[in-house]
Amino acid sequence: MNTKTVIDSDAPSFETLGLAAPLLKAIAETGYTTPTPIQAKAIPLALQGLDLMAGAQTGTGKTAAFSLPVLHKLLPFASTSTSPAKHPIRALVLTPTRELAIQVEESVKVYAKHTPLSSLVVYGGVDIKSQTPALKKGVEVLVATPGRLLDHIEQKTLSLSQVQILVLDEADRMLDMGFMPDLKRILALLPKQRQNLMFSATFSNEIKKLADEFLTNPTLIEVARSNATNDNVSQQAYAVAASQKQAFLVQLLKEADTNQVIVFTKTKLTASKLARALQKEDISADAIHGDKSQKERIEALDAFKAGKVKALVATDVAARGLDISDLPMVINYEIPSAPEDYVHRIGRTGRAGASGIAISLICDDEEKYFAEIEKLIKKSIARQTAQVKTQTRSSSSQPDKRAHATTHVSATSAPRKSKSSSTDAWFNKPYEPNTAVAKAVVRTSPSQSRKAPVAALLGGLKQRS
Ligand code: AMP
């Protein structure tokens, strides 16, 4: 594998990358002025027809990095004819999730808007028949999740015999999600003579194996050290007892000077329960996970994007590929056992040059996972001690009297139901009005010295968001 850096000028422009005029026009209309580093590197190489193995974090502009050269290369084949035969699938983009597929195809449409090239997205979870008429009309760029693509192939609703360019987006996640057998089946159906562009946030040995198997003499490009995390993201870690996590999260969300936070959980069940618990705390929240219908997921995402929902509680799989620009904060409510997931999670913030905050709440059992994460990102993150202001009523058998007098209890309009899903008994207590808007901090253990309130611990939060 050879490593090449083609662009080393300080600030290359899209014009110098060699893209066709209709694409430059679309780029200008989106408001992009300068290519991102991955675009500056990948676009000229892809235009030369080389196979690429590109390491790029989410949020680096990788979608345009492959979409633009793909569209450029297909332009000579563009046809205004309505005959489906004139519009075979010439580029296939595979993504691990529906959300990512939808977002990628939306981007392709934007970049292709001044060309006759058409695109379509197909993904599972919706009636396959609804996707067939559009496929029958013919599209040059097909964005698909592997499973649904295979369904269409079985039903003979599409043919891959004319594919010239294959893009594997978020390849690491495709392997994590067990798509290797599907990928092998799909790749066997593609013409041998084709260009391959593979994008991955992390480079595991499996990814390298995949590249060896399916790519031809690929050029490796990286814009950041593989498995590194985005420098724009301020990473913070809090040691929190499992029983206090929920209260601490509520506190963080209430004190955060932002109204868009993705909260990550490991399971669908926790996501649902947590979203409900947050709602009971008057925090607008919704859950997004695999058990929700596509419609529900899109609605939740739209509400979040529109600022109607402050906290989107998501599992790793559901959150994959969400493109929410300028997301100021992500919170890891549960630490992922696969360290790569951490990289993906925090890649939701600090996108496209914006700064962001990633907060991890680590209980004792999760320390081992966080240690793995630190190994992967080659960075150690100091643990701060969570100061849970509202926790002592239930979590301590000998409550701190001073804390009682000053604890700020968040207002809820109705008594809490005793069958609340919370593991914290405090959340099951009826609402007791407390007029004291306290800033004093309750110590989590008697031995701890008094620390600053969370808002102060978050430091630059206000400036950053
Ligand atoms: P991606 O990594 O492809 O998910 O892109 C992340 C975000 O960056 C998206 O919101 C893109 O619209 C945006 N973006 C992509 N390229 C550029 C660029 N050259 N300048 C500014 N924003 C960009």
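Above this text is the structure in question.
Let's talk about the overall build of the protein chain
- Helix and strand counts for the protein chain stand at 19 helices and 15 strands.
- Burial statistics for the protein chain: of 465 residues in total, 47% are counted as buried.
- Contacts in the protein chain between residues at least 24 apart in sequence constitute 77% of all its contacts with a sequence separation of at least 6.

Looking at the environment of L210
- Along the chain, L210 turns up in helix α9 (residues 205-214).
- Each C-alpha atom of the pair L210 and A171 lies 8.8 Å from the other, and the pair is 39 residues apart in sequence.
- Among all residues touching L210, those that are not within four sequence positions of it are A171 and L175.

Digging into the packing of helix α14 (residues 339-346) against helix α15 (residues 367-377)
- At their nearest, the axes of α14 and α15 sit 8 Å apart, and the two run at 70° to each other. On the basis of their axis angle, the class for α14 and α15 is roughly perpendicular. Contacts from P339, Y342 and V343 in α14 reach E372, I373, L376 and I377 in α15.
- The residue inventory of the contact of α14 with α15, partitioned by class, reads 6 nonpolar, no polar and 1 charged.

Some points on the sheet that holds strand β10 (residues 261-265)
- Here we have 7 strands laid out as an open sheet, ordered β11-β12-β10-β13-β14-β9-β15, and parallel in their pairing. The two strands at the open ends of the sheet, each matched to only one other strand, are β11 (285-288) and β15 (383-385). On average, each strand axis in the sheet is inclined to that of its neighbour by 25°, with strand direction left out of account.
- Pairing of strand β9 (residues 233-239) with β15 involves 3 bridges; the strand directions are parallel. By the bridge assignment, Y238 is partnered in β15 with Q384.
- Of the strands in this sheet, β9, β10, β13 (329-332) and β14 (356-362) touch α14, which is tilted by about 155° from β13.

What to know about helix α6 (residues 146-154)
- Listing the buried residues of α6 in full gives P146, R148 and L149. Angularly, the buried residues of α6 cover 165° about the axis, an arc narrow enough to put them on a single face.
- Contact partners of the buried residues in α6: β3 (91-94), β4 (119-122), β5 (141-144) and α8 (180-188).
- Downstream of α6 by a residue or two, K156 has a phi angle that is positive, lying close to 55°.

So, the pairing of β10
- Among the 5 residues in β10, 5 count as buried, and that is most of the element.
- Taking every second residue as pointing to the same face, both faces of β10 are buried, with V261, V263 and T265 on one and I262 and F264 on the other.
- As defined by bridge partners, β10 adjoins strand β12 (residues 311-315) across 5 bridges and the pair is classed as parallel. The residue bridging V263 from the neighbouring strand is V313, located in β12.
- Relative to β13, β10 runs parallel, the two being bridged by 4 bridges. In the sheet register, V261 faces β13, and the bridge partner there is M329.

Examining the environment of L158
- Looking at where L158 falls in the secondary structure, it is placed in the loop between α6 and β6 (165-168).
- With 23 residues separating them along the chain, L158 and L135 place their C-alpha atoms 6.8 Å apart.
- In contact with L158, not counting residues within four places along its chain, are I89, L135, H152 and I153.

Concerning the packing of helix α2 (residues 37-47) against helix α3 (residues 62-74)
- Interhelical geometry of α2 versus α3 gives an angle of 25° and a closest axis separation of 9 Å. Here α2 lies roughly parallel to α3, going by the angle between them. The handedness of the crossing between α2 and α3 is right-handed. Together, I38, Q39, A42, I43, A46 and L47 of α2 and K62, A64, A65, F66, L68, P69 and H72 of α3 make up the contact between the two elements.

Some words on the environment of T145
- Tracing the sequence through the fold places T145 in the loop between β5 and α6.
- In this structure, the C-alpha to C-alpha distance between T145 and A101, residues 44 residues apart in sequence, is 6.7 Å.
- Beyond its immediate sequence surroundings of up to four residues, T145 is in contact with T95, P96, T97, R98, A101, Y123 and G124.

Some details on unusual backbone geometry
- Unusually for a residue other than glycine, E170 sits at a positive phi of about 50°.
- Mapping E170 onto the fold places it in the loop between β6 and α7 (171-176).
- Here E170 falls in the buried class, since 26 other C-beta atoms lie within 10 Å of it.

Here's the deal with α15
- Buried residues of α15: Y369, F370 and I373, and no others. Buried residues of α15 fall within an arc of 95° about the axis and therefore sit on the same side. Of the exposed residues in α15, the ones pointing more than 90 degrees away from its buried face are K368 and K375.
- Looking one or two residues past α15, K378 carries a phi angle of roughly 55°, positive in sign.

About the criteria used
- Residues numbered from 1 in each chain as written.
- Predicted model: local features only at pLDDT ≥ 70, side-chain atom pairs only at ≥ 80, totals over all residues.
- Helix = DSSP H or I, 4+ residues; strand = E, 2+ residues; numbered from the N terminus.
- Buried ≥ 20, exposed ≤ 12 C-beta atoms within 10 Å, placed from the backbone.
- Contact = placed C-beta atoms within 7 Å.
- Axes fitted to C-alpha atoms, helices over the stretch in contact; angles between N-to-C directions.
- Parallel < 35°, antiparallel > 145°, perpendicular 65-115°, else oblique.
- Nonpolar A, V, L, I, M, F, W, Y, C, P; charged D, E, K, R; others polar.
- Pairing = 2+ DSSP bridges.
- Arc of directions from axis to C-beta.
- Left-handed = near helix turned anticlockwise from the far one by under 90°.

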